[in-house]
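Take a look at the letters that make up each chain.
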Amino acid sequence: MQKGHSAVVAGLGAWLPPRVVDNDELSRSLDTSDEWIRTRTGIRERRIADADTSTVDLAVQAGGNALRSAGSDVVDALVLATSTADQLCPASAPQVASGLGLSGIAAFDVNAVCSGFLYALATAGGLIAGGIANRVLVIGADVFSRLCDPEDRSTLPIFGDGAGAVVLRAGDADEPGALGPIDLHSDGELADLLIVPAGGARQRVSAEPHDYFLTMQGTTVFRHACARMAESARTVLERAGQDVADVDRFVGHQANLRILQATAKQLGLPEDRVVANIARTGNTSAASIPLALADACEDGSLRPGHRVLMTAFGAGLTWGSTLLTWPDVKPG
Ligand code: ACO
């Protein structure tokens, strides 16, 4: 990478809607139990956005916190990772930029579902490497509770709402916070494993209300998630000339505690390196990695100098990984 053209993390922000819904509350309206949800997923509670709160609202809060953390609200571009944009058209990023008082900057959405944050980091890194932007606000925000059928116990307990963000600035590849190699993949042949069938251009309207909600073949997705995340993690380590033993913190997409544990096991990573905040957030899709980073900074388990491996997997299917050394950055 040409000197001064690497993307370096300069700020971190998170936001969760205030309403906590624990497993017992869910079990009152759904044929499930706290015991089932905890043992199968590791989730104890999740945050749910009120009816008048949307993805844009969450993204503005997290983005504002990241700008505060960076100590400057000057950015040239905003990349929003989301698969729950406020409208099918237009993208939500311009509304987020305006909400932050940044009207005029380049702003667009990236939709790679639960891998969206890593795809957005890669996109922002490309803007910086190409000299198109010097500072980019990257936000992952999703309101997945809107995509879950309130009567579907196979999806509703798993998802939560939230947003997380980082500010990337142009810098050098050997600085703390510089994004290392990025590995991204997809497999559209398996799109049906996790899909909202109706509402898009293929099928605008359906007589079947469930078609507007997420359907998931959980067990198959589980298997793919572990295999693909481990594979991709190995790829970035190899490209960086590093070994699993060099990884201090594994920040994987928080889809299921058992997926994180199984992936770490496949990689030969000790469990004490695994960052897991899923117990209190559920799966927040594109928000999950920056939310996990922020939580780990807050509780002191992620510290400057730690070598961080980030990996994600989501609908699409999509998956990917990257590496960085955590800089002296705290959530704003
Ligand atoms: N409460 C009680 N019982 C339940 C529930 C529930 N909420 N959900 C399913 N069950 C039952 C099933 O009906 C089944 O019963 P049966 O044995 O009598 O048929 C049994 O529990 C086991 O069901 P499975 O689906 O096989 O359970 P599994 O251990 O696979 O866990 C889960 C399900 C949690 C969904 C898991 O498969 C998973 O986490 N999958 C991955 C999800 C994921 O990673 N998504 C990725 C990204 S998300 C995105 O991109 C949008």
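Residues numbered from 1 in each chain as written. Predicted model: local features only at pLDDT ≥ 70, side-chain atom pairs only at ≥ 80, totals over all residues. Heavy atoms only, no water.

1. A short note on the site of the ligand
Next, step 1: The environment of the ligand is made up of 26 residues, and the closest members are Thr32, Arg40, Cys114, Asn256 and Ala315.
Next, step 2: At 2.6 Å from a nitrogen atom of the ligand is found a side-chain nitrogen or oxygen belonging to Thr32.
Next, step 3: The separation between an oxygen atom of the ligand and a polar side-chain atom of Asn256 is 2.7 Å.
Next, step 4: Here the ligand has 1000 Å² of accessible area as a free molecule, and 73% of this is covered by the chains.
Next, step 5: Mapping the ligand onto the cavity grids shows that it belongs to the second largest pocket.
Next, step 6: Of the residues forming the shell around the ligand, the biggest block, four residues, is contributed by helix 6 (residues 218-239).
Next, step 7: Classifying every residue of the shell around the ligand gives 15 nonpolar, seven polar and four charged.
Next, step 8: A domain split of the shell around the ligand shows at least three residues from each of domain 1 (6-171) and domain 2 (182-325). (Near = heavy atom within 4 Å. Polar contact = N/O pair within 3.5 Å; in protein donor to acceptor, adjacent residues only side chain to side chain. Areas by Shrake-Rupley, 256 points an atom, 1.4 Å probe, with all protein chains shown as cover. 1 Å grid on protein atoms, 1.4 Å probe; cavity = no way out; pocket = protein on both sides within 12 Å on 5 of 7 lines; lining within 4 Å. Sits in = over half its atoms within 2 Å of the grid points. Helix = DSSP H or I, 4+ residues; strand = E, 2+ residues; numbered from the N terminus. Nonpolar A, V, L, I, M, F, W, Y, C, P; charged D, E, K, R; others polar. Domains from an automatic or database assignment.)

2. So, the environment of Thr215
Next, step 1: As for its placement among the helices and strands, Thr215 is situated in strand 10 (residues 215-216).
Next, step 2: With a relative accessible area of 23%, Thr215 lands in the partly exposed category. (Buried < 20%, exposed > 50% of the residue type's maximum accessible area, 1.4 Å probe, protein only.)

3. Details of the state of the cysteines
Next, step 1: Tallied over the entire structure, the rule returns zero disulfides.
Next, step 2: The cysteine Cys226 is free of any disulfide, with Cys114 supplying the nearest cysteine sulfur at 14 Å. (Disulfide = S-S within 2.5 Å.)

4. Observations concerning the sheet that holds strand 12 (residues 307-314)
Next, step 1: Taken in spatial order, the four strands of this open sheet run 8-13-12-11, and their pairing is mixed. Taken across any chain shown, the strands that pair with only one partner, and hence form the sheet edges, are strand 8 (182-186) and strand 11 (249-252). Strand-to-strand, the axes of this sheet are offset by a mean angle of 15°, without reference to chain direction.
Next, step 2: Sheet contacts for helix 6: strand 8, strand 12 and strand 13 (318-325); angle to strand 13, the most-contacted strand, approximately 40°.
Next, step 3: Strands strand 11 and strand 12 of the sheet are contacted by helix 9 (residues 288-298), whose axis makes an angle of about 150° with strand 12. (Pairing = 2+ DSSP bridges. Axes fitted to C-alpha atoms, helices over the stretch in contact; angles between N-to-C directions. Contact = heavy atoms within 4.5 Å.)

5. Side note on the sheet that holds strand 7 (residues 161-171)
Next, step 1: One open sheet accounts for five strands, arranged 1-7-6-4-5; its pairing is mixed. The open sheet has two free edges, formed respectively by strand 1 (6-15) and strand 5 (106-110), since each of these has just one partner strand. Adjacent strand axes in the sheet meet at a mean angle of 20°, parallel and antiparallel pairs treated alike.
Next, step 2: Strand direction decides the pairing type here: strand 4 (residues 77-81) and strand 5, joined by five bridges, are parallel. Within strand 5, the position partnered with Ala81 by the bridge is Val110.
Next, step 3: Taken strand by strand, helix 3 (residues 55-70) contacts strand 1, strand 4, strand 6 (135-143) and strand 7, and its axis lies near 125° from that of strand 1.
Next, step 4: Packed on one face of the sheet, helix 5 (residues 116-129) meets strand 1, strand 4, strand 5, strand 6 and strand 7 and runs near 25° to strand 7.

6. Points about the pattern of salt bridges
Next, step 1: With the rule as written, the count across this model stands at ten salt bridges.
Next, step 2: Where Glu231 meets Arg228, a salt bridge forms, and the shortest distance between an N and an O atom there is 3.2 Å. Linking Glu231 with Arg228, this pair stays in helix 6, spanning three residues, or about one helical turn.
Next, step 3: When its relative accessible area of 39% is taken as the criterion, Glu231 is described as partly exposed. (Salt bridge = Lys/Arg side-chain N within 4 Å of Asp/Glu carboxyl O.)

7. Comments concerning the UniProt feature "active site" (unreviewed entry) in the protein
Next, step 1: Mapped onto this structure's residue numbering, the UniProt feature "active site" (unreviewed entry) falls at Cys114, His253 and Asn283. Separation in sequence by 170 residues is not matched in space for these annotated residues, since their most distant C-alpha atoms are only 8.6 Å apart. For the second largest pocket, the lining residues among the annotations just cited are Cys114, His253 and Asn283.
Next, step 2: Mapped onto the elements of the fold, His253 is located in the loop between strand 11 and helix 7 (257-267).
Next, step 3: Under the relative-accessibility criterion, His253 is labelled buried at 2%.
Next, step 4: With residues up to four places along the chain from it excluded, the contact list for His253 reads Cys114, Leu260, Asn283, Ser285, Ser288, Ile289, Thr311, Ala312 and Phe313.
Next, step 5: Setting aside chain neighbours within four positions, we find Asn283 in contact with Ile43, Cys114, Ile158, Phe159, Gly160, His253, Gln254 and Ala255. (UniProt positions renumbered as here; feature names shortened; annotations may be inferred.)

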